[in-house]
Each structure stands twice: as C-alpha cells, then as structure tokens.
Amino acid sequence: MSEKKTNRRDFLFTATYAVGAVGVGATVWPMIDQMNPDASVKALASTEVDVSSLTPGKTITVLWRGKPVFIRRRTQEEIAEANSVKMEELKDPEKDEDRVKDPEWLVMLGVCTHLGCVPLNDKGDYNGWFCPCHGSHYDTSGRIRKGPAPTNMEVPKYEFVNESTIKIG
Amino acid sequence: MSDQEYIPKSKFGKWFNDRLPLLSLASHLTDYPTPKNLNYWWTFGGILTFCLITQIVTGLTLAMHYIAHADMAFESVEHIMRDVNYGWLIRYIHANGASMFFLAVYIHIFRSLFYGSYKSPREIIWILGIIIYLLMMAAAFMGYVLPWGQMSFWGATVITNLFSAIPLVGEGIVEWLWGGYSVDNPTLTRFFTLHYLIPFLILGLVVLHIWALHVPGNNNPVGIDIKKPSKDTVPFHPYIVIKDGFALLMFMIVFAFFVFYTPNILGHADNYIEANPLVTPAHIVPEWYLLPFYAILRSVPDKLLGVIAMLSAILILAALPWLDTSKIRSAVFRPLYKQFYWILVADVLILGYVGAMPAEGLYLLIARVATAYYFLHFLVVLPVLGFKEKTLPVPLSITEPVLGGSPNLVMAKSKESMKQ
C-alpha cells in the first residue's frame, strides 16, 4: 500500500462510496420533497373576484393561496401621487405604470415583504399602507418607502376577465 | 470513573450486573463526588430535568385530546380547557411550564457565565447545553403555534419568514417549511410532529450533557480543579439530592403560583382569537423568553443583516470557551469581569424590555445601543479582559479557606509553611 499507484481496491472503494451516496440521496429526497407544497395546495392556484361593488378609494381583501390580496380602486389623486414620485426616492425603484394593468386598479399581495404581516390600509406616512409589525410604510402604489421591508409589495399574476371580474393567479 | 469495582451484594444482582451494569451506573450516580461548596445556583440542573419531564408528561396527555388540523386545532384547545377532565390544569401546567423551563435555563446559563463553567475542560458540556437551548426555542416556538390563535398564526408567519432573508433560495425554503404558499394546515401538522419529537431529542442530549459533566465533575463557586473524591467533595446522595430537592420545592411554589393564580399573564390575549390570515394583530410580540433576540432582530434596519445578527447572538455563545481568554474560572476572583458580567445581565434585561416595546423612537435607539454592547461584550471585552485583568489569588482547595479562614493562596501557603 506504500505505492501511490491506484489499485483495484481504491477503485472499488470509490465506486462503493459513489453508489452509496446516490442511494442515500435518492432515499432522502422523497423525505425532503414531501414537505413542499402538495398537489392539492397547487390546485387552488387561481381565484375570481367580483369587483363591481368597489367605489373609488375603497379596498377589498381576498384570500388567494392562503394569502391576502389587496384590490384597490384608486382615486385620481392617489394615481397622480403614485406617478409623481421620483425613482431616486425609492428603495425598490419601480414605476407605478409597471405595477398596474389599469391605473385605477391596484392588485397586489397584501403581505409585507419584511416578515409577512398584513399591512393596514390608508395608514402610514405615504397615504398607502402601514405594517404594524415592524413599521414599514408603503405608498399609494404599494411601494416600500420607509422601514425594514426590502421590496415593494408583490404584484401577482392577474387579468381582467370582464369589466367587473378579476382573476388572480 | 472509578466505580468499576462496584460489586452488588446479592447473587442475582451480581448476575444481572455482569450482563447489564445498571447497578454500577446507579452506584456511580449516588456516590458521584460533588464539590461541597456548591450553592443554590447549582440546583437548576435538577430543576431543569424536572421541567423537561413535566413538559413531556403534560404534553403526552394534551396530545390525547388535541387535534392538529387548521379547522379544529383552536376548538380542540378550547375543548381541552372546558370539557376534558382537568384539561385546564394540564394545559396551564404545559403552557406555564414552558416559561418556567426558560426561567430556569436562563438562571442555569447565567450561573455558568458567572462561575466560568464553560471553560476547559467543560467546553463540550457547554456546547451541548447551547444545542439543548436552541432545541428548546424551536420546541417552544412550534408549541406556541399549535393552539392556532392569532398570535400562533402570525408568530409562525413572522418567524418562518426570517428564512426568506436568505438570498436566492430563501423564498423556496419558506414555501418548503410551510408546505404551501402561506402558513396553513400542512404547516400546523408538521409543527405538531416536530413539537412532539424535539423533547425526546432534548432528553437524549441531556443524557450526554450529564455524561460529559460526570467526566471532569462539577465546577464550583471557587472555580478551581479539585481532587475527587477528597475532603473537598461530598457524595451526590444524600447531600446534593436533598439540596436539589429543597430548591425544587421552592421552584414549584413559583410554578404553582403562575398555574393557579395568573395562568395567562405570560401569554397574549390575542391568542384566544382564532387564527385569521386576513388580519394581523396590531402588536406582534413573541413570548417573553425570546424578547432579547427579537429586539436584536428589529434593531438592525436591514432584513438579512437583522436575521444574521439575531442568529449570531445565540451562536456566539457556542464560541464562548474560546472567546474568554482568562484562565481563572470564577468571577469571584475576577474583579473586572464581575462588573462586566452584571452589565451584560442588565444589557440582556434591557434588550428584553425594548423587545416588548414598539420598534420606534427612543426604544429603537436603546435597542441599537444594547445590541452593539451585547456583541462588544463577547467579541472585545472578554478576549481583552483575559490579558489585562489583574485577578485575585485563588485558593488551593475548597477546604483551605473554610477551615483556615484564609481566603487566598498566599495566606493558605503561609499557613502551610507554619504547620511544617
């Protein structure tokens, strides 16, 4: 064994370890993957919401995949305020027009991007939302303006099915 | 361990012990030589064992009535409180038992800090203790989620979201932990499983913790190495058993006070409202025993750095045996360390206080100063102090200062030379 030359035994060891590692990996993976969202959870992927009763300045909160979604019919002042913000002032720069399909309707996940609390409507220093947990302030476009949250409130995939119905997901 | 020579008296005992040396183990545990100057701060090991057993027994009985399902968990807890015979008592013992467990573990940890019990040759005991402490926090957190009240739900949301701070894979990890896109039924069932499992892991680690303790033996208030068995030691039974038993009784009075007179004072009223994913309670606060770390989390304005700071605050303890460079164990002989020790105690209490307050204005400023000091203590004060501090002379043995009335080395030595 003093020689450095690879012999048959070394090959057998390496091959055994390699096969063993694959076997352990293949056994452990199902144990890990079973914890990921299952088929029944994934199946609840879209929700249709009737928004005909919403007047400007009102927000409704609906549940989509276990998370609240804010649907706000914004007033003209709110839209103007959201558009007037300079990009340099934003922590996570994003234009208001990129966050909405129709400026009147703001649809976004009502989940604070800090640690997942539900921000409160019509609160905070920027007339938008305020998270009571750790003090994040969002503006009328749901963009983070002040506080520990790193990013703007997320806009989910959605579409207008007709004039009064929004399909989320 | 010197009890290999133990021989059972009875013939059956000998036969059995040759095959499974349980009697040798029992003999080792009863005769185990213990420093005779242990004070009441040393009784918390026994108290903690009692707490663990209490949590396991009450937890087992609660599990017979609890239903781990998002639609039924909250009601099943109310069912335990109202319908199950003595259910209220068992649940209140379990819920307050968690607080008592942490109360005892904090005293136990701070005793180690004062008397330098984490130092060589007891590093492994200390690290095992830190792992037990981490598991305790995990068990307590998951247990708090099970009643599926508002604090349960939002506490679970906030804490699991800590993992989303990890770059790139964070979101994936959080969904994996949840088993969905939010905290929901899959989260509850897995938390129940793990909450059930962890106490038994802790039990195993406690066995290792005690095993590791029995190799070098107990540290003691004087902090010196002692010969064992010797004039400096007494057998564990009956001396320590009686002392631990008395302390345990005192502790149980405090425990019973909470259970019978103010069973909800350590909890949050919001947790008697069923979980609602659409409404976050106005003020989310963790249980009191996690508040100092929560304050550290909130004192850092950046999400990822806040999480890192919070985890480091706990993990830094594992490095303590190497951060503290002083050879002297007990703070009794370290005049400067003794002062810094009490500043640290105050610092942690302040962190706990501001952790319960809103993170704004003066509270935030105090939290930031206290967080900075916490790390300063471990990373700067302790390493430097070992080199700079002028320590007091340490006695040669435990017996020496007691019998001779001479509290230090020089006097003990001069006494010795006088005898000769």
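The structure displayed is predicted, hence computed values, not measured ones.

A. Region of interest: the overall build of chain B. The helix and strand tally for chain B stands at 17 helices and 2 strands. Relative to its length of 420 residues, chain B is compact, with a C-alpha radius of gyration of 24 Å against a globular reference of 22 Å. The principal-axis extents of the C-alpha atoms in chain B amount to approximately 85 × 60 × 45 Å. Across the 420 residues that make up chain B, the buried fraction comes to 51%. Pairs at least 24 apart in sequence give 77% of the contacts found in chain B among residues at least 6 apart. Charge centroids of chain B, computed over 27 positive and 25 negative side chains, lie 16 Å from each other.

B. Geometry of the packing of helix α11 (residues 291-299) of chain B against helix α12 (residues 303-315) of chain B. Residue and element names in this part refer to chain B. Running from N to C, α11 and α12 point in directions that differ by 145 degrees, and their axes come no closer than 7 Å. Crossing hand, α11 versus α12: right-handed. Where α11 abuts α12, its residues Phe-293, Ile-296 and Leu-297 lie against Gly-306, Val-307, Ala-309, Met-310, Ala-313 and Ile-314.

C. View of the pairing of strand β10 (residues 165-168) of chain A. All names here are of chain A. Bridging between strand β1 (residues 47-50) and β10 involves 4 bridges; their strand directions are antiparallel. Each residue of the ladder has a partner; that of Val-49, found in β10, is Ile-166. When strand β9 (residues 158-162) meets β10, the two strands line up antiparallel, connected through 4 bridges. Considered in β10, the bridge of Asn-162 is made with Thr-165. Linking two consecutive strands that pair antiparallel, namely β9 and β10, is a turn of 2 residues.

Calculation criteria
For every chain, the first residue of the written sequence is number 1, and numbering continues from 1 onward in sequence order. Working convention: letters from A go to chains and numbers from 1 go to ligands, in the order in which they are written. Given that this is a predicted model, residues contribute local features only at a pLDDT of at least 70 and side-chain atom pairs are listed and counted only at 80 or more, while totals for whole chains, interfaces and linings are drawn from all residues. Side-chain measures were taken over the full set of non-hydrogen atoms in the model, leaving aside hydrogen atoms and water. A run of DSSP states H or I qualifies as a helix once it reaches four residues; a run of E qualifies as a strand once it reaches two. Both are numbered from the N-terminal end. Both definitions apply: the radius of gyration is a C-alpha atom measure, and the globule rule equals 2.2 Å times residues to the power 0.38. Buried means the residue's accessible area, taken with a 1.4 Å probe over protein chains only, is under 20% of the maximum for its type, while exposed means over 50%, and partly exposed covers the values in between. A contact between two residues is defined here by any heavy atoms of the two lying within 4.5 Å. Residues counted as positive are Lys and Arg, residues counted as negative are Asp and Glu, and His and the chain ends are not counted. A charged residue contributes its charge at one atom only: NZ of Lys, CZ of Arg, CG of Asp or CD of Glu. For every element, the axis is a line fit to its C-alpha atoms; helices are fit only across the contacting stretch, and the angle between N-to-C directions ranges from 0 to 180 degrees. With the far helix as reference, a near helix turned anticlockwise by less than a right angle produces a left-handed crossing, and one turned clockwise produces a right-handed crossing. Two strands pair if DSSP finds at least two bridges between them.

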